[in-house]
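# Residue-level structural notes
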Amino acid sequence: MSEKLFDDAGAEAAKGQEPLAVRMRPRSLDEVVGQRHLLGEGSPLRRLVEDDAPMSVFLWGPPGTGKTTLATVVSRVTRRRFVELSAVNAGVKDVRAVVEEAKRRMGMNGTRTLLFVDEVHRFNKTQQDALLPAVENRWVSFIGATTENPFFSVVSPLLSRSLLLSLESLDDSDVRALVDRALTDERGLDSRYTLTEEGADHLIRLAGGDGRRSLTYLEAAALVAGPSTRRPPPPSNDASGAVASKTEPVEITAEHVERAVDRHAVRYDRSGDQHYDVISAFIKSMRGSDPDAALHYLARMIEAGEDPRFIARRLVVHASEDVGMADPTALQTAVAAAQAVELIGMPEARINLAQAVIHISIAPKSNAVITAINEALTDVRSGQAGPVPAHLRDAHYKGAADLGHGKGYRYAHDFPGGVAPQQHAPEGLTERQYYRPTQHGAERRFSEILQKIKGVLKSGG
């Protein structure tokens, strides 16, 4: 009996030493924050948990989005035997041992096994192939968690036999809900601390949509704020009959968060003045050919937790708006940076964003592209849209020739330089010139080419 008491006491002591993020893991799907698109009624995860349905699932998403949390919730409520492996230190032998034990238990008493493999992308092809028979024959229900794109890191046979569920980074309201719960829940800080609004804003920005990181930072900030995290004793009467007051909660401020995480708070409201001021300065610095200033504002946005996809979209726009044909490769660089954001994510994609910022900043500048399309739109909106010239109209349907469609059309490739002397614009717009190249960068050469082209076109207009 005494050994049992010591075991229980040891377990409780160990439990008290667990990180805050571990202590606050949800106990049911209803406690899971975020991932609403995966947790609705009738969803695969609901069926796996509530109906004990046999299936295999890949959970793919950034760190701290709840992959391990969802697997843990399933382990707590499922009627299946739960086995967890980490691909970091498990090998083929471990996988086969779990599968053999699962088959044995299923044959003996019908017990089914749920196998969770964390960081499954770290398994090589041989290790993943070892899972195939178990998944295909449903000897186990399999959950694999990965931060890497499964289409690149998981063998096709295993992926095709499983559901692929994509998890999204938590938004600010999700992270705030996690933090608020941890502050008050008895498993967490149990109302012994409060968090100022400025402190919460800074912590949420630093978390960057990562729920685990937000709780880790909160726990560190609580230690900095002090005093001891020991739970205060309940109120009691002293000898004089007075009632002892309950310990007042300790306030965690932005300064405590800064000291705990060693990251200064950046004044930046993603929906307020700072957002618009910083992005405006960012754009104008690139337009003004100042890469150092542009990188400064890029760093401020990254550090403040701005959505990198928003930054990438602005780069793509301004590669055409402010550089355009003066350096056509600027658009290629900007698009590549945007694709890198989607492919590899932050923090690595900061390098790709920085490269695009530098390219756009030092490239020769031209606004001829945006000026051209805006002037063309102005003409169309004002009603200057005459009929398409007959020789340019579609002549592929029966009766088109009788209407004169296509008659007199000159096929450009039959003429020197691939340019045929003929009119393309509607009547009344033949003298309009929307695109007017500058003498900057590559546009100087394009300007010379365009003048030659115009000369040929007008010679047969």
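Summarised in this report is the structure supplied together with it. (Residues numbered from 1 in each chain as written. Predicted model: local features only at pLDDT ≥ 70, side-chain atom pairs only at ≥ 80, totals over all residues. Heavy atoms only, no water.)

Taken as a whole and assessed by the stated rule, the structure comprises 19 salt bridges. Here Arg122 makes a salt bridge to Glu119, at a shortest N to O gap of 3.7 Å. Assessed through its relative accessible area of 24%, Glu119 is described here as partly exposed. Ionic pairing is found between Asp322 and Arg287, a salt bridge with its closest N-O pair at 2.8 Å. Linking Asp322 in helix α15 (residues 308–323) with Arg287 in helix α13 (residues 273–287), this pair joins segments that are 35 residues apart in sequence. (Salt bridge = Lys/Arg side-chain N within 4 Å of Asp/Glu carboxyl O. Buried < 20%, exposed > 50% of the residue type's maximum accessible area, 1.4 Å probe, protein only. Helix = DSSP H or I, 4+ residues; strand = E, 2+ residues; numbered from the N terminus.)

Quick look at the pairing of strand β2 (residues 81–86) now. One face of the sheet, then the other: side chains in a regular strand alternate in exactly this way. By the bridge criterion, 6 bridges tie β2 to strand β3 (residues 113–118) in an arrangement that is parallel. Bridge assignment links Phe82 to a residue of β3, and that residue is Leu114. (Pairing = 2+ DSSP bridges.)

Here we take up the side chain of Ser162. Of note, Ser162 is situated in the loop between α8 (156–160) and β5 (163–166). Residue Ser162 is classed as buried on the basis of its relative accessible area, which comes to 13%. Polar side-chain contacts of Ser162 include one of 3.0 Å to the backbone oxygen of Leu158. If we ignore the near neighbours within four places in the chain, the residues touching Ser162 are Ser56, Val57, Phe58 and Val135. (Polar contact = N/O pair within 3.5 Å; in protein donor to acceptor, adjacent residues only side chain to side chain. Contact = heavy atoms within 4.5 Å.)

Moving on, we get to a nonpolar patch on the surface. Where nonpolar side chains cluster on the molecular surface, the patch consists of Phe151, Phe152, Leu343 and Ile344 and spans about 500 Å² of accessible area. Secondary-structure elements contributing two or more residues to the nonpolar patch are α7 (150–153) and α16 (329–344). Mapped onto the elements of the fold, Ile344 is located in helix α16. (Patch = residues over 30% accessible without salt bridge, like charges linked within 9 Å, V, L, I, M, F, W, Y side chains within 5 Å. Areas by Shrake-Rupley, 256 points an atom, 1.4 Å probe, with all protein chains shown as cover.)

Moving on: the environment of Pro62. When you line up the elements, Pro62 lands in the loop between β1 (57–60) and α4 (67–77). Residues Pro62 and Gly345, 283 residues apart in the sequence, show an inter-C-alpha distance of 8.3 Å. When near neighbours in sequence (up to four residues on either side) are disregarded, Pro62 contacts Lys67, Thr147, Leu167 and Ser169.

With that out of the way, let us pick up the sheet that holds strand β4 (residues 140–146). Pairing is parallel across the open sheet formed by 5 strands, whose spatial order is β2-β3-β4-β1-β5. Since the sheet does not close on itself, it has two edges, and those belong to β2 and β5, each with one partner. The sheet shows a mean angle of 20 degrees between the axes of neighbouring strands, taken without regard to direction. Where β3 meets β4, 5 bridges bridge the pair, whose relative direction is parallel. (Axes fitted to C-alpha atoms, helices over the stretch in contact; angles between N-to-C directions.)

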